[in-house]
Amino acid sequence: MPAPTIVRKFLPEVQALRTLAVGLVVIYHLQPSVLPGGFIGVDVFFVLSGYLITGNMLRESERTGHLSLLRFWGARMRRILPAALATILAAALGSLVFMPSSAWRDISEQSLASAFYVQNWKLAADSVDYLAAENAATPLQHFWSLSVEEQFYVFWPLLVILAIAISARVGTPASARRASGSRLNLRAILIVLFGLATAASLITSIVMTYQPDPAAYFVTPTRIWELGLGGLLAVTLRYTEAHNLVRSFAALGGLAMIGVAAFVLTGSTPFPGVAAALPVVGTMLVVAAGRTRGWLSLHRITDLAPIQWVGNISYSLYLWHWPVIIFYKNWAEHDPGWRSTIGLLIISVGMAWLSYKFIETPFRHGRKGVRSWKPVLAGVLATTVIGAVSLAPLGASTWQERQREEATRALEDESLVGYGAASFDKRGSERAWASDNRVVTPDPNTIGDRAREPAGCHTGSKSTETKECSFGPEDADVTVAIVGDSHAAMWYPVVNHLAEQRGWRIVTYLHNSCPFNLERRVMETRGDTVCQEPNEKTFQSLVDNDVQLVFTAGLELNDFADTKTGQRPGVDGYNRAWKKLRDAGMGVVAFADTPHFDGLTMPRECVSKNYEDPVECEYPRKEVLADDQAITLAAARDPEVTLVDVRDRFCDDRVCPSVVGNVLVYRDQNHITEEYVRSMMPLLEEKISPALP
């Protein structure tokens, strides 16, 4: 005989899971080294949302025989929108004070995306955009998970309505079902529909995660299965007081699974995919276990007043903690230490309590008897208004850009002796400014949006072939090539200048994250990039194009696998690649690599914040520039290779400036601007000339 079921109106274990979920996320954002997998708190939220929302819809459907979309969406808007819109408004306006102006445009875009709950798609698009992927964190990025949930709330009730319609046609009439208490038909249909949607999402998640597709973390199709499993749990779960020991072990096991995920998973773990099953199934076990008794019961912890209180404010805490952290990081220009962490946590909890008490609660428990369409209309109008106001950073950025454009045009009319690299041997503000017109070109606020030269010729890191681009006369007597990763592409302006002077033809083979090197990168051994196969095809193309001279470079941060050659990893690979080129009759020009700022404030952001005094954006040489590079060590072993080493135009013996002679040196964390390359043209021509055909 089946155990009797019980009806539970309040679920303290769900509140405790909310506390756990938001705690994991907040700790991860404050001190990621302490909790490397704390991001899985979002996955706990997903399961809980799917479970609770589906349960609400199911109860209404079984009670009334139908589901009111307007009432459902209106309730969601009252619950979610007020605090969310307040956060968006505060983040957008606060960015004018705490964020560099270079971030304002992106913040306005993300404010709109957050207000209309498509932030996850915005971040997904940025994650596959090589330029946008290096953008700094904004105070609204965490809205991606809320966007996934809101999109779920749009289509999930449609499945419930479809199930009701199918049940009415093929099952017992609704009135008879309510009279008899029969719910089998509707629940059985929901299990099928929910199961199909959940399975499709899980398969999509696994495929996209292990391709790997960088958008997989954010897009809705890879996440629906987590909410869907929560929905299936709501359809199938019957609470009982029987089997207490089994349920107690289930709850403990589920909690352990969440804990293991939080401490074992890291940012490098392919996610969501299969790895997300650990926190998802763990959450389901805790919910399914229900209320337990005895010494193994979790309820002695979950029932504690502080746990329940944090569960109450968990939504607001999730909303407010991230802007607080991002604003602090930009103000302090470093990650929070332990004392700062405690202070930021107190501020976040305080703001969350205020939001819960004065925004969430009043709107959620608003006037009774209001027509169901009114909250929906009010929500749409409020979203539109807040979305419009959130364009303030964009307006400020646009005005600032126009002012700088005018100043730049005036600068171009001057005959500057010390423009760009010509001022490098000076110091301080004399090095930064070659003119009394203190404008930086290119504008640090817009350089990140500009396509890299040569436009349209860069191949993705996972491609098995490297795109060939051709410039100049096809019948030229001399053909030269630029080969390598994005750091080889940085030198396109000087090669193009030489080609135009001499009537050369240029062919380019530019493959992101793939230097022209016969040793494999560590990331290639992990399957994160493909280099050896496309490099071999590139070599054959160089031969077929009768190339006489190859220009090449590579990011010094490239981590080559140790092949036990007795040389530093990567050195022998360069030497063998260059010998192969020379044996085929090609000359080789290699460029020493330039500074890189990974883990530090991006130079263009620093300049944006210190526009009037870019001397503040000088970085210690020892932190950003490697003296012994794989490519320079390889060139030292091969006297037939021409090494172009202009590192002394990027760093003196102490520091590496970000602005030289009114020119912004870096476009992002490790790429230089075309303007600065062109300002070095006489020096570069001199160093390259011995290798010219």
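My aim in this report is to walk through the structure given alongside it, one point at a time. Predicted model, so just to flag it, every value in this text is computed and none were measured.

## With respect to the packing of aromatic side chains
Throughout the structure, instances matching the rule amount to 27 aromatic pairs. Measuring from centroid to centroid gives 5.1 Å for Trp-144 and Tyr-217, while their planes differ by 50 degrees, and the two rings are tilted. Separated by 73 residues along the polypeptide, Trp-144 in helix H6 (residues 143-170) and Tyr-217 in the loop between helix H8 (184-209) and helix H9 (224-236) bring together distant segments of the chain. The structure contains a cluster of three or more aromatic residues connected by ring pairs, namely Tyr-28, Phe-39, Phe-46, Trp-144, Tyr-217, Phe-218 and Phe-271. The lysine or arginine in question, Arg-404, covers the ring of Tyr-611, its NZ or CZ lying 3.7 Å from the ring centre. For Lys-580, the ring lying beneath its charged end belongs to Phe-539, and the centroid distance is 4.6 Å.

## Considering the side chain of Glu-226
Considering the arrangement of structural elements, one finds Glu-226 in helix H9. Beyond its immediate stretch of four places on either side in the chain, Glu-226 contacts Asp-43, Phe-46, Val-47, Pro-272, Ala-276 and Val-280.

## What about the packing of H9 against helix H11 (residues 277-289)?
Running from N to C, H9 and H11 cross one another at 20 degrees; their axes reach a closest spacing of 11 Å. In this view, H9 runs roughly parallel relative to H11, as classed from their interaxial angle. You can see that H9 and H11 cross each other, and the crossing is right-handed. Here Trp-225, Glu-226, Leu-229 and Leu-233 of H9 come into contact with H11, specifically with Ala-277, Val-280, Met-284, Val-287 and Ala-288. Of the residues that constitute the contact of H9 with H11, the class distribution is eight nonpolar, no polar and one charged.

## What to know about unusual backbone geometry
Along the chain, Phe-271 connects to Pro-272 via a cis peptide bond; the corresponding omega equals 10 degrees. Along the chain, the position of Pro-272 falls in the loop between helix H10 (244-264) and H11. In this structure, Pro-442 follows Thr-441 across a cis peptide bond, with omega equal to -5 degrees. Topologically, Pro-442 is positioned in the loop between helix H17 (428-432) and strand S1 (458-459). Although it is not a glycine, Lys-564 adopts a positive phi angle of roughly 60 degrees. Position of Lys-564 among the secondary structure elements: in the loop between strand S5 (549-553) and helix H22 (571-583). Judged by its relative accessible area of 70%, Lys-564 falls in the exposed class.

Thresholds applied
Residues numbered from 1 in each chain as written. Predicted model: local features only at pLDDT ≥ 70, side-chain atom pairs only at ≥ 80, totals over all residues. Heavy atoms only, no water. Phe/Tyr/Trp six-rings, centres within 6.5 Å; stacked < 30°, edge-to-face > 60°. Helix = DSSP H or I, 4+ residues; strand = E, 2+ residues; numbered from the N terminus. Lys NZ or Arg CZ within 6 Å of the ring centre and 35° of its normal. Contact = heavy atoms within 4.5 Å. Axes fitted to C-alpha atoms, helices over the stretch in contact; angles between N-to-C directions. Parallel < 35°, antiparallel > 145°, perpendicular 65-115°, else oblique. Left-handed = near helix turned anticlockwise from the far one by under 90°. Nonpolar A, V, L, I, M, F, W, Y, C, P; charged D, E, K, R; others polar. Buried < 20%, exposed > 50% of the residue type's maximum accessible area, 1.4 Å probe, protein only.

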